[in-house]
Amino acid sequence: DSNNLQKTITSNYILSNIDNNYTILINNELTDLKIFYPGELINNFCVAFIQQGTGLVSFEHTGTGPIHSPNGLKIKGENYNAYLEQIGTTDSAHLVGNLKP
């Protein structure tokens, strides 16, 4: 179903335009991993995340703009989620959801 786009990752991951509108299932078991946001993706880029493992999942910006988040840049843990949306054509994004510092 093209309206239910999902993919699974198991290690560090760099977001790209092909991830737009996907839900990324993070099957990291006990392993810590990072998700890198490079910025400058397609207009209004958005992606959701569901953590399925117990290792730490954190987000890092590798471009010039920031990731804005009210709670932190790490998912709280197994079975929690997060959502990242790029603001229009800018190089900054908002990360919301079940996050911690």
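Details of the structure are given in the entry above.
The rules behind these values
Residues numbered from 1 in each chain as written. Predicted model: local features only at pLDDT ≥ 70, side-chain atom pairs only at ≥ 80, totals over all residues. Heavy atoms only, no water. Helix = DSSP H or I, 4+ residues; strand = E, 2+ residues; numbered from the N terminus. Buried < 20%, exposed > 50% of the residue type's maximum accessible area, 1.4 Å probe, protein only. Contact = heavy atoms within 4.5 Å. Pairing = 2+ DSSP bridges. Salt bridge = Lys/Arg side-chain N within 4 Å of Asp/Glu carboxyl O.

Trainee: Explanation requested: the environment of Ile24 in the structure shown.
Mentor: Examined against the element boundaries, Ile24 turns out to sit in strand E3 (residues 23-26). What makes Ile24 buried here is its relative accessible area of 0%. Residues Ile24 and Phe49 lie 25 residues apart in sequence; the distance between their C-alpha atoms is 4.8 Å. Residue contacts for Ile24: discarding those within four places in its chain leaves Lys7, Ile9, Tyr13, Leu15, Asp19, Val47, Ala48, Phe49 and Ile50.

Trainee: How do you make sense of the sheet that holds strand E1 (residues 6-9) when you look at a structure like this?
Mentor: In sheet architecture, strand pairing relies on hydrogen bonds along the backbone and comes in two forms, parallel and antiparallel. Taken in spatial order, the six strands of this open sheet run E1-E3-E5-E9-E10-E7, and their pairing is mixed. At either margin of the open sheet sits one strand with a lone partner, and together these are E1 and strand E7 (67-68). Sheet analysis places strand E5 (residues 46-51) next to strand E9 (residues 81-86), joined by five bridges and oriented antiparallel. Directly across from Ala48, in E9, lies its bridge partner Tyr83.

Trainee: Help me understand unusual backbone geometry, please; the structure alone is not making it clear to me.
Mentor: Glycine aside, a negative phi is what most residues show, and trans is what most peptide bonds show. Positive phi, close to 45°, is recorded for Glu29, a residue that is not glycine. Note that Glu29 resides in the loop between E3 and strand E4 (33-37). We classify Glu29 as exposed; its relative accessible area is 57%. Of note, Asn44 is a non-glycine position whose phi angle comes to about 60°, a positive value.

Trainee: When you look at the pattern of salt bridges in this model, what are you seeing that I'm missing?
Mentor: Close approach of charged atoms lets side chains of opposite charge pair. Applying the stated criterion across every chain, the model contains two salt bridges. A salt bridge links Lys7 to Asp19; the shortest N-O distance between them is 2.6 Å. Of this pair, Lys7 sits in strand E1 while Asp19 sits in the loop between strand E2 (13-14) and E3, placing them twelve residues apart in sequence. A relative accessible area of 21% places Lys7 in the partly exposed class. Judged by relative accessible area, Asp19 falls into the buried class, the value being 0%. Between Lys34 and Glu60 there is a salt bridge; the shortest N-O distance is 3.0 Å. Taken together, the positions of Lys34 in strand E4 and Glu60 in strand E6 (residues 57-61) put the pair 26 residues apart, joining distant regions of the chain. Taking relative accessible area as the criterion, Lys34 reaches 35% and is therefore assigned partly exposed.

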